Each structure stands twice: as C-alpha cells, then as structure tokens.
Amino acid sequence: MAVRLSNATLTSLPADVVIPRYDRARLTPGIVHIGLGNFHRAHQAWYLHRLMQEGLAFDWAIVGAGVRDYDRTQRRKLADQDCLTTLIQLDAEGISAEVIGSIIDYVPIESGNRPLIARMADPAIRIVGLTVTEAGYFVDEATGRFAENDPEICHDIEYPDTPRTAFGAIVAALRLRRDAGHRPFTLQSSDNLLNNGAVLRQTVVSLARRADPDLADWIAASCAFPNSMVDRIVPVTGVRERALAASLGIGDLAPVTHETYCQWVIEDNFCAGRPDWERVGATLTSDVRSHEMMKIRILNAGHQIIAAPGELLGAATIADCMASPAIRSFFRKVAAAEIAPHLRPVPGMTPQSYIDLIDARFANRNIIDTTRRVAASGMTRHAGFVHPILRDALAGDMPFAGLTLAEACWARMCAGSREDGTAIEPNDPHWSELNTVANAARANPLLWLKQQHIYGPLASHPGFSACFAQWLQMIWNHGTGFALEAYINSAA
C-alpha cells in the first residue's frame, strides 16, 4: 500500500526513499517561483533541497505561484501534500526516489493576482523566479521587441493594480516595494531562451515604462536579471508516473520523473543575495553565453530536428526517435556538420563531446519523453532554436541543408497527418493557421516560407528557399525516410 505523502507520513515511507533530513517547520520563504511545474521541481527546487540537506539556506524556501486557471489544479495537488514532491530518477542502472521539501507554500490564484502581488511585495522575498515557457515573455517573434499591443499587456497597462500577467504582477509588487522603501528583488528566468535574463528585463522594464516611467527607471537601475542556462530532461506526469510512485510506496498526486543528468549555469548577478548554489553543483559565472549557446543549439534545436520526423514516422517518444537509425543519423550529422561549427568549447566540454552526451540522453529508454511534447509549439521553438543557426549559416556561407530539411519536416508535420495516415492532433497555439498553410504548401512549398512573422528575411534567401522547396517536395513525393536518407548519404 502506498503511503499518502505529507509531513506527517514522511517517516512512514519505505526505507529506501530519501526524505528531508531538515525540520521543514524551520524554513522561511526567500523565493517566489511563478510556474511551479515539473521542471522547476526537478531542477531549481532540487538544488535548494540539496543545500537544505546540508543544513543551509533555511531562509530561502520557495513559495510557488501561478497566474493561469490551470495552475489551480497544481496548487490543490501540492497543498494536499504539504507542498512535498517525489522526484523519481530514471537511470539505466535502476530507479530511485527522493522526497524534496524546499517548497513550503503556494500562493492562492485569484483574478487580479492580489495574493501574488502581496507575497512578492514582502521584503523577505529576495528572488522571484519564472518558468513560463519560451513563448511566455510577450516578445514579438518578428522583431524581438516587447509585444506592447498584446491584449493581456494592454489590460495590465490600463489596470496596473489588477494585472492578468505574471509580469504585470511583478511590476505591481515592485511598485509597492519602492513606495514602502524596501529593496528590490532579483528576477530570475529559468526558460530555454538565449539571454533569458535580458529578455525578462526587456519585458518587465518595458511594461513598467508604459504605465510609470519613474518606476521603470528604478527597476532598471535597482533590480538584477541574471542570465542562466538550465538543463535536465523532465517528462510530463501522467497515470504512468503516478503509478510508478505508488509502486515505490509513495502516494503522490504530482510526482516528477527525471533523468540523472542535471546542469545549471547562472550569471552571478543578484541584487539581494542568493543561496550558495555552487556548493551543490551549480556553476556561477560571468560567462553564461557559451554554455547556453551549446545547450540551446544542440539540445533544444536538436529536439526540434528529430521531433517532426519522429511524429511523421510514428515514433511515440524521443527514445523511439533515436531508435530509428535514420532519425538518429540525421540528428548526429546536422549537429556535427551544421551546428557544432558555430559553437565554442566550454570548460570540460567540446561541441562534439556534447553531441555525444545529448545523443545518449535522447536515447535513454527509461525517460518517457513524448515526441508530441517536444514537437509542441513549433512556431516558437523553431523560431527560437533553429532559425538563429540558419541565419548564422547563411551569413557565413556554411552548410544548412540539414537544418532546412528539419524545417521541411515541420511544415509537413503541420499538415496534420502521419505517413501511416493517422492524424496529428493540433499541437500549437497557431495550429489552425499553420495547418492551412502546410496543406497549401504541398502544391507550392514556398507558401510556407511566406509566413513572414515566422521566417522574416530567411525566406528571401534564394539558396534557403530553393533547398526548402526541394526537401518539402521530396517528403511529399517519396516520404520522410527517403528525404532523411538522401541527406545522410549526401556530401553536404
């Protein structure tokens, strides 16, 4: 029988489950984190838990938060188990479980976000973190600028005391802190965005400037926005994962499975102190960019390179994609020939050794990471992860055929059917638009590139557009596998 997870039942869990050694009653909050999903709990919350296991950082406990209706379900699940989380490590040598206790509360989710604003205005909070997905920062994909005309942003500008967005709530809390004479907090993004701290700074300062220029100046001068690179593969939780926790003797409503590998590189730029994360394996540095370029361009772009052909060929998981000799060879050739030449080594890791590392991580069959999850929100992920490499390749007259084939696979995927005839369900906020264009592009491939808000100047490059049209026609006429083999066997 699984033991229902709570503070009261920790010592009743099976002996091989690692539990907090610290007294959770002694913990006090220092961090509010918006977006308390699986990744945050298996990554930043885990690092903090490791510090607490050493008897440190008791005044840095995490308060979870969210601004969407779906966050209410997560809050209820975690509140029912005293905000404890079971982390299940899926390793080739076996499975192990640890219960972490670094999260101690979850802010009530209400229209207008008053509880969240009040919590962030508390001077005890010194860091506000966010994990809100790459698309969540209100950045215009075509220009890279703040999307000031977005309806939710327009609402927050007009009604700054009852905002809808996390950023509106942050600005409101910082206004209260400034007016009360309290120091600001550090704002820390944990999303897979190049220069994520700078992107977060742009969003917060730009929003503040629309309503209160003096406040915007204070935020720009006083708050810190460290860049960071985060890395750990953390699948979605479903029936399988809850059953796995129960099989280990733990009744957890929201367990998290994860791989063994974990990395966190952080710019050491904090305005109100921070935990000693470097004691438990994080890298604090003044140069995050080299690390994040390698990770975003090989892992995140690599995910997009294999996910679309995986969907088309019916590979259910990323490990299934890597079990396909064609998809795996496609990934390795594109990464080595078209991505690695743009990267610099980082301490302890060359681009080629990182490719080998990612290859092994993607192929881990113990990690049930669905192809559908990785392929979701392709408009944002291709624009954010693949297109910057394409732009560099075209500007430098370097190879780009495999990256272009990845774009053609995505275009074919958006047509909404696999090669066996089964349907690909909508998997992007812009799916209807993408699906219409993808089907029209079967007869005229260049229609896909005319989506200016996605491709911008890329579409006008004659070499790229000709290569794209060739690949998409080949996929439609001969199949995805044929196109992959054509690339793999080419001299490109």
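Residues numbered from 1 in each chain as written. Predicted model: local features only at pLDDT ≥ 70, side-chain atom pairs only at ≥ 80, totals over all residues. Heavy atoms only, no water.

*Asks:* How should I be thinking about the overall build of the protein in this particular structure?
*Replies:* Helix and strand counts for the protein come out as 21 helices and 13 strands. In terms of overall size, the protein behaves like a compact globule, its C-alpha atoms giving a radius of gyration of 23 Å where 492 residues would be expected to give roughly 23 Å. Counting only C-alpha atoms and orienting by the principal axes, one finds that the protein spans roughly 65 × 55 × 40 Å. The long-range share in the protein, meaning contacts at least 24 apart out of those at least 6 apart in sequence, stands at 76%. Of the roughly 19100 Å² that the protein leaves accessible, carbon and sulfur atoms contribute 51%. Distance between charge centroids for the protein: 1 Å, based on 45 positive and 53 negative side chains. (Helix = DSSP H or I, 4+ residues; strand = E, 2+ residues; numbered from the N terminus. Rg over C-alpha atoms; globule rule 2.2 N^0.38 Å. Contact = heavy atoms within 4.5 Å. Areas by Shrake-Rupley, 256 points an atom, 1.4 Å probe, with all protein chains shown as cover. Lys, Arg positive; Asp, Glu negative; His and termini not counted. Charge placed at Lys NZ, Arg CZ, Asp CG, Glu CD.)

*Asks:* How do you make sense of the packing of aromatic side chains when you look at a structure like this?
*Replies:* What characterises a pair of aromatic rings is the spacing of the ring centres plus the angle enclosed by the ring planes. Counted according to the given criterion, the structure contains 13 aromatic pairs. Relative to tryptophan 277, the ring of tryptophan 264 has its centre 4.7 Å away and its plane inclined at 50 degrees; by these criteria the two rings are tilted. One end of the pair, tryptophan 264, is in strand β12 (residues 263–267); the other, tryptophan 277, is in the loop between β12 and β13 (283–285), and 13 residues separate them in sequence. Tryptophan 277 matches tryptophan 264 in its accessibility class, with the two residues each being buried. (Phe/Tyr/Trp six-rings, centres within 6.5 Å; stacked < 30°, edge-to-face > 60°. Buried < 20%, exposed > 50% of the residue type's maximum accessible area, 1.4 Å probe, protein only.)

*Asks:* Would you mind going over the sheet that holds strand β5 (residues 94–100) with me for this structure?
*Replies:* In any sheet, the strands associate via hydrogen bonds between backbone groups, in a parallel or an antiparallel arrangement. The sheet built from 3 strands is open, its strands ordered β5-β4-β11 with mixed pairing. Across the chains shown, the open sheet's two edge strands, defined by having one partner strand only, are β5 and β11 (256–258). Here the average twist between neighbouring strands, direction ignored, is 25 degrees. Across 3 bridges, strand β4 (residues 85–91) lies against β11 in parallel orientation. (Pairing = 2+ DSSP bridges. Axes fitted to C-alpha atoms, helices over the stretch in contact; angles between N-to-C directions.)

*Asks:* Just to check I follow, could you spell out the packing of helix α16 (residues 401–413) against helix α21 (residues 480–488) for this structure?
*Replies:* Between two packed helices, both the angle of their axes relative to each other and the distance between the axes serve to describe the pair. With their axes 11 Å apart at the nearest point, α16 and α21 run at an angle of 175 degrees to one another. Looking at the two axes, α16 sits roughly antiparallel to α21. On the side of α16, the interface is formed by Ala401, Gly402, Leu405 and Cys409, while α21 contributes Thr480, Ala483, Leu484 and Tyr487. (Parallel < 35°, antiparallel > 145°, perpendicular 65-115°, else oblique.)

*Asks:* What is the right way to look at the environment of aspartate 287 in this model?
*Replies:* Structurally, aspartate 287 is set in the loop between β13 and α10 (289–312). Residue class for aspartate 287 comes out partly exposed when judged on its relative accessible area of 36%. Expressed as a C-alpha distance, the spacing of aspartate 287 and valine 346, which sit 59 residues apart in the sequence, is 9.9 Å.

*Asks:* What's the story with the nonpolar core in this structure? I'm lost.
*Replies:* The nonpolar side chains of a soluble globular protein tend to be buried, and buried together. Grouped together as the largest cluster of nonpolar side chains are 77 residues, with contacts concentrated most on Trp410 and Trp448. Here this core takes 11 residues from α10, the largest share from any one element. (Core = buried A, V, L, I, M, F, W, Y, C linked by side-chain atoms within 4.5 Å.)

*Asks:* Explain helix α13 (residues 351–362) to me, please; I cannot follow it from the model alone.
*Replies:* Along an α-helix, a turn takes 3.6 residues, which lines up residues three or four apart on a common side. With 12 residues, α13 should cover 16 Å at 1.5 Å per step; its first-to-last C-alpha distance of 16 Å lies within 8% of that length. Along α13, the residues that are buried comprise Pro351, Tyr354, Ile355, Ile358, Asp359, Arg361 and Phe362. Down the axis of α13, the sector holding all buried residues measures 165 degrees, keeping them to one side. The inward-facing, buried residues of α13 abut β9 (228–231), α10, α11 (318–323) and α12 (325–339). (Expected span 1.5 Å × (residues − 1). Arc of directions from axis to C-beta.)

*Asks:* Honestly, the environment of glycine 249 in this entry has me stumped. Any pointers?
*Replies:* Considering the arrangement of structural elements, one finds glycine 249 in the loop between α9 (239–247) and β10 (250–251). Accessibility expressed as a relative area gives 10% for glycine 249, which makes it buried. Setting aside anything within four residues of it in sequence, one finds glycine 249 in contact with Ala2, Val3, Leu13 and Pro14.

*Asks:* Just checking my understanding: could you explain the sheet that holds β9 for this structure?
*Replies:* Pairing in this open sheet of 3 strands is mixed, and the strands run β9-β12-β13 from one edge to the other. With partners counted over all chains shown, the strands left at the sheet margins are β9 and β13, one partner each. Each strand of the sheet is rotated relative to its neighbour by a mean of 15 degrees, with strand direction disregarded. Of the strand pairs in this sheet, β12 and β13 are connected by 3 bridges, and their pairing is parallel. Directly across from valine 265, in β13, lies its bridge partner threonine 283.

*Asks:* Which parts of the structure should I look at to understand the pairing of strand β3 (residues 61–65)?
*Replies:* For β3, a buried count of 5 out of 5 residues is recorded, marking the element as mostly surrounded by other parts of the structure. Residues Ala61, Val63 and Ala65 line one face of β3 and the alternating positions Ile62 and Gly64 line the opposite face, and both faces are buried. With 5 bridges connecting them, strand β2 (residues 29–34) and β3 associate as parallel partners. Across the sheet, the residue bridging to proline 29 is alanine 61, located in β3.

*Asks:* Sorry, what's going on with unusual backbone geometry here?
*Replies:* The general pattern is negative phi for most residues beyond glycine and trans for most peptide bonds. Positive phi is not limited to glycine here, since aspartate 82 has a value of about 60 degrees. Structurally, the position occupied by aspartate 82 is in the loop between α3 (71–79) and β4. Look at asparagine 113: it is not a glycine, yet its phi comes out positive at around 60 degrees. Locating asparagine 113 in the fold gives a position in the loop between β6 (103–106) and α4 (114–121). On the accessibility criterion, asparagine 113 (4% relative accessible area) is buried.

*Asks:* Looking at this structure, I do not really get the pattern of salt bridges. What am I missing?
*Replies:* Close approach of charged atoms allows side chains with opposite charge to pair. What the rule picks out here adds up to 21 salt bridges. Residue arginine 178 is joined to aspartate 179 by a salt bridge in which the shortest nitrogen-to-oxygen separation is 3.1 Å. Residue classification places aspartate 179 among the exposed positions, given a relative accessible area of 54%. Here aspartate 369 and arginine 373 are joined by a salt bridge, their closest N and O atoms 2.6 Å apart. (Salt bridge = Lys/Arg side-chain N within 4 Å of Asp/Glu carboxyl O.)

Any functional reading would require information that these geometric values do not contain.
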